[in-house]
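# Examining the three-dimensional arrangement
This is what each chain is made of:
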Amino acid sequence: MEKYEKLEKVGEGTYGKVYKAMEKGTGKLVALKKTRLEMDEEGIPPTALREISLLQMLSTSIYVVRLLCVEHVHQPPSTKSQPPKSNLYLVFEYLDTDLKKFIDSYRKGPNPKPLEPFLIQKLMFQLCKGVAHCHSHGVLHRDLKPQNLLLVKDKELLKIADLGLGRAFTVPLKSYTHEIVTLWYRAPEVLLGSTHYSTAVDMWSVGCIFAEMVRRQALFPGDSEFQQLLHIFRLLGTPTEQQWPGVSTLRDWHVYPKWDPQDLTLAVPSLSPHGVDLLTKLLKYNPAERISAKAALDHPYFDSLDKSQF
């Protein structure tokens, strides 16, 4: 790790600590993610190797934060009886801003103003491109939120970060613990305790992020799983068996007050009719009916966009 100079700790990621650092030889800024990897005599656990090769494969898309290299650091044991410790550092390209900070700059700045509709359209298209890329390789992100979408300032380029929890999924889907996704962007099937879920969980998050860019504030800011569901039900109506077959058999389903669906336009008044239509398709209750990332790219909302630039 002599190659890098750590500049500051920028956070605790899903992997472990994250540092902003400079590559001494080139002066290039990188993000170092120190993984909490306990090595055994066998070397690096196969699950970690699979995760890393997946990350490398996914980062071939410009809409996914690039994994530049992996550094394997041996630490000599402090006493004779201890096994030598070993750390893996994942070295990613460093980006200094994220979509949350970007939206905040429009909301809080000296002259608050809405994000330009063409900019929202451009960022949404890139988000759908990145998510479609992950899904086509069988990877769910499961924690999409504005803080995990990094921006290259000048290029208005969006990149998906923190794919550390994207377990490659095989059919049948494994049962996932549902403590992973941040509440505000969490799909209703996850909130209701479904253990078998699909790429549709990411598309719900994409819908919430879309609405947040338009509104400059979260669409469903719940502070508990129960409150989160009530926020959703009050706007979209309490789901019924007709709309979403099987919903009442989900583990955490209770009898909820029966709210009627509101007009979604009221939540996003500045959004065009095509935009509202796409948002409606992203926020479908039944995961099987929710639009896929690939299909979203062909939605009329993007017709006025010059797609050749992406």
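Above: the structure in question.
Below, the structure is looked at part by part. (Residues numbered from 1 in each chain as written. Predicted model: local features only at pLDDT ≥ 70, side-chain atom pairs only at ≥ 80, totals over all residues. Heavy atoms only, no water.)

Bringing the overall build of the chain into the picture now. A count of helical and extended segments in the chain gives 8 helices and 8 strands. Looking at the chain residue by residue over its 310 residues, the buried ones come to 51%. Contacts in the chain between residues far apart in sequence, at least 24 positions, make up 63% of those at least 6 positions apart. Element-wise, carbon and sulfur atoms account for 55% of the exposed surface of the chain, whose accessible area totals about 15,400 Å². (Helix = DSSP H or I, 4+ residues; strand = E, 2+ residues; numbered from the N terminus. Buried < 20%, exposed > 50% of the residue type's maximum accessible area, 1.4 Å probe, protein only. Contact = heavy atoms within 4.5 Å. Areas by Shrake-Rupley, 256 points an atom, 1.4 Å probe, with all protein chains shown as cover.)

Read across the sheet, 3 strands follow the order 6-7-8 without closing on themselves; strand pairing throughout is antiparallel. One side of each edge strand has no neighbouring strand; the edge strands of this open sheet are strand 6 (97-98) and strand 8 (157-160). With 2 bridges joining them, strand 6 and strand 7 (residues 149-152) adopt antiparallel strand pairing. The partner of Asp-98 across the bridge, within strand 7, is Leu-150. (Pairing = 2+ DSSP bridges.)

Once that is clear, we can look at the pairing of strand 7. Alternating positions in strand 7 separate into two faces, Leu-149 and Leu-151 on one and Leu-150 and Val-152 on the other, with burial throughout. Sheet analysis places strand 7 next to strand 8, joined by 4 bridges and oriented antiparallel. From the neighbouring strand, Leu-151 faces strand 8, where its bridge partner is Leu-158.

Before going further, it helps to examine the environment of Pro-257. Among the secondary structure elements, Pro-257 is positioned in the loop between helix 6 (225-236) and helix 7 (273-282). Using a relative accessible area of 43% as the deciding quantity, one classes Pro-257 as partly exposed. With 23 residues separating them in the primary sequence, Pro-257 and Arg-234 have C-alpha atoms 9.2 Å apart.

We now examine the pattern of salt bridges. When their charged atoms lie close together, side chains carrying opposite charge are able to pair. Under the counting rule described, the total for this entry stands at 13 salt bridges. Among the ionic pairs, Lys-100 bridges to Asp-104, the shortest N-O distance being 3.2 Å. Separated by 4 residues within a single helix, Lys-100 and Asp-104 lie in helix 2 (residues 99-108), roughly one turn from each other. Judged by its relative accessible area of 32%, Lys-100 is partly exposed. Residue classification places Asp-104 among the buried residues on the basis of a relative accessible area of 15%. Across the pair Arg-251 and Asp-252 runs a salt bridge whose closest N-O atoms are separated by 3.2 Å. What makes Asp-252 partly exposed here is its relative accessible area of 22%. (Salt bridge = Lys/Arg side-chain N within 4 Å of Asp/Glu carboxyl O.)

For helix 5 (residues 200-215), which comprises 16 residues, the first-to-last C-alpha distance of 23 Å matches the rise-based estimate of 22 Å (1.5 Å per residue) to within 8%. Phi turns positive, to about 65°, at Arg-216, one or two residues after helix 5. (Expected span 1.5 Å × (residues − 1).)

Tracing the sequence through the fold places Leu-157 in strand 8. Aside from chain neighbours lying at most four places away, what touches Leu-157 is Ile-62, Tyr-63, Gln-126, Leu-150, Leu-151 and Val-152.

A few words now on the packing of aromatic side chains. One pass over the structure, following the stated rule, counts 13 aromatic pairs. Seen from their ring centres, Phe-102 and Tyr-106 are 5.2 Å apart, and the 65° between their planes marks the pair as edge-to-face. Of this pair, Phe-102 and Tyr-106 both sit in helix 2, 4 residues apart, which is roughly one turn of the helix. Between the aromatic rings of Phe-125 and Phe-302, the centroid separation amounts to 5.1 Å while the plane-to-plane angle is 70°, which identifies the pairing as edge-to-face. In this pair, Phe-125 is assigned in helix 3 (residues 117-136) and Phe-302 in the segment after helix 8 (293-297), connecting sequence segments 177 residues apart. Classification of Phe-302 by relative accessible area gives buried; the value is 0%. Taken together, Phe-226, Phe-233, Trp-244, Trp-253, Tyr-256 and Tyr-285 form an aromatic cluster joined through their ring pairs. (Phe/Tyr/Trp six-rings, centres within 6.5 Å; stacked < 30°, edge-to-face > 60°.)

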